[in-house]
Amino acid sequence: MSFVQIPNAGYAQNSIALGSDGNLWSDAQVSGYSAAVEFTTSGPTSHALALTTVGQGEACLGSDGNVWFTSNGSTYVSTGVYKVTTSGAYTYYAGAVPSYDGPTAYGMFSGPDGRIWQCFSDSGLLEGLSAYTTSGVRTDYDFHPAGPRNGVSDGTDMWVVDAVGPVRQIDTSGTILNTYTGSWAAWPQDICYDGTNFWIADPGGQIVRMTPGGSFSYYACGTEPWGICTNGTDLWITDTGASAVIHAPISNPNTQTTYALGSSVPLYVCFDGLGNVWVTDQSVGGGVWTNAAVGGMKIIGII
């Protein structure tokens, strides 16, 4: 297996998600604003949209078939989300109440209730989750003190990793059902669910398996694991510190294969449903890396 790079001149890619159209969608930063970039196998197509505000962070597929991107806040500017259709049209919804320092949005994921759940932190004020309906109605859930980074649904509840340390099991009413604390080399950064257990990327050099009952197992992995995804049988982990992506079978997580990605800054990773893996590159112009045979991209617009 080998990975090829699909560059995106001038942009630094962040998160990535599989869209309802079967294409890969990623947010890209450049000069203080962001673009929604659709990576396809058919070449570039551009749809210019009006510049609004700085958007960056995570992407996920919503229950409405649209791709949702999170937007960071800034001084007196709230966090927010962008709903982007497969044709490139977008709608912005304002997020958590801003403060002087400005809130920071982190991971975003689709919940079992059909809402889009966004992790955010606002300098010790509001720290928790914002849940958006597909029409943009927002409800905030404050878990202060907290530092939620990302989450995943198991089909019933949501499981959220927190830079402060715990993994929280949360129901769709925003109630914390259980809190589990592992032994982190750095902090829990990203999480995925294989249908049985949860897998967590810890940038301190390990990946962690957690059962639904809160039992932890630890596996050394690369130098700085950041993003993690699974198709139910395999794990793929970005190693930001070593410019690589790592494969580990769930059946034997210690058997790992590392694939070098040039001088990249790999951040997040996802599957495309066709057996291919896609990795975002946060270095300027880096685009994405994939083991797909061919690739292209189209800039859908500024968000």
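Quick note: structure is the one above.
In what follows, the accompanying structure is described. (Residues numbered from 1 in each chain as written. Predicted model: local features only at pLDDT ≥ 70, side-chain atom pairs only at ≥ 80, totals over all residues. Heavy atoms only, no water.)

## Examining the sheet that holds strand 12 (residues 138-142)
The strand order across the open sheet built from four strands is 9-10-11-12, with neighbouring strands paired in antiparallel fashion. The two strands at the open ends of the sheet, each matched to only one other strand, are strand 9 (104-110) and strand 12. If you compare each strand with its neighbour and ignore which way they point, the axes differ by 20° on average. Here strand 11 (residues 127-132) pairs with strand 12 via five bridges, running antiparallel. Of the residues in strand 12, the one forming a bridge with Ser130 is Asp140. (Pairing = 2+ DSSP bridges. Helix = DSSP H or I, 4+ residues; strand = E, 2+ residues; numbered from the N terminus. Axes fitted to C-alpha atoms, helices over the stretch in contact; angles between N-to-C directions.)

## Observations regarding the layout of surface pockets
Approximately 730 Å³ is the volume attributed to the largest pocket. What lines the largest pocket is a set of 28 residues, among which Ala59, Val152, Ile191, Cys229 and Cys270 lie closest to the centre. Every element with two or more residues in the lining of the largest pocket is listed here: strand 2 (12-18), strand 5 (59-61), strand 9, strand 13 (148-153), strand 17 (190-193), strand 21 (225-230) and strand 25 (266-271). Along the lines of polarity and charge, the residues of the lining of the largest pocket split into 18 nonpolar, eight polar and two charged. (1 Å grid on protein atoms, 1.4 Å probe; cavity = no way out; pocket = protein on both sides within 12 Å on 5 of 7 lines; lining within 4 Å. Points joined across faces, edges and corners; volume = space filled by probe spheres on them. Nonpolar A, V, L, I, M, F, W, Y, C, P; charged D, E, K, R; others polar.)

## Some remarks on the packing of aromatic side chains
By the definition in use, this model includes 14 aromatic pairs. Judged by centre distance (5.9 Å) and plane angle (90°), the ring pair of Trp184 and Phe216 falls under edge-to-face. Taken as a pair, Trp184 in the loop between strand 16 (176-181) and strand 17 and Phe216 in strand 20 (residues 216-220) lie far apart in primary sequence, 32 residues in all. Under the relative-accessibility criterion, Phe216 is labelled buried at 17%. Put simply, the rings of Trp159, Tyr180, Tyr193 and Phe198 touch in pairs and so form one group of aromatic residues. In this arrangement the basic side chain of Arg149 is found over the ring face of Tyr106, its NZ or CZ atom lying 3.9 Å from the centre. (Phe/Tyr/Trp six-rings, centres within 6.5 Å; stacked < 30°, edge-to-face > 60°. Buried < 20%, exposed > 50% of the residue type's maximum accessible area, 1.4 Å probe, protein only. Lys NZ or Arg CZ within 6 Å of the ring centre and 35° of its normal.)

## Some words on unusual backbone geometry
The phi angle at Ser243 is positive, at roughly 50°, despite the residue not being glycine. Along the chain, Ser243 falls in the loop between strand 22 (234-239) and strand 23 (244-249). With relative accessibility at 15%, the residue Ser243 sits in the buried group.

## A short note on the pairing of strand 14 (residues 158-162)
Of all five residues in strand 14, five are buried, a share of seventy percent or more. Residues Met158, Val160 and Asp162 of strand 14 are buried on one face, and the alternating residues Trp159 and Val161, pointing to the opposite face, are buried as well. Sheet topology note: the strand 13/strand 14 ladder contains five bridges and is antiparallel. Residue pairing for strand 14: Asn150 is matched across the bridge by Val161. The hairpin formed by strand 13 and strand 14 contains four residues between the paired strands, and Gly155 there has a positive phi angle of roughly 100°. As defined by bridge partners, strand 14 adjoins strand 15 (residues 166-170) across four bridges and the pair is classed as antiparallel. Within strand 15, the residue paired with Val161 across the bridge is Val167. What sits between strand 14 and strand 15 in their antiparallel hairpin is a turn of three residues, with Gly165 showing a positive phi close to 140°.

## Observations regarding the sheet that holds strand 5
Strands sit in the order 5-6-7-8 across an open sheet of four strands; the sheet is antiparallel. With one partner strand each, in any of the chains shown, strand 5 and strand 8 (90-94) form the two edges of the open sheet. On average, adjacent strands in this sheet sit at an angle of 25° to one another, irrespective of strand direction. The pairing of strand 7 (residues 80-84) with strand 8 spans five bridges and is antiparallel. Looking at the pairing, Lys83 lines up with Thr91 of strand 8.

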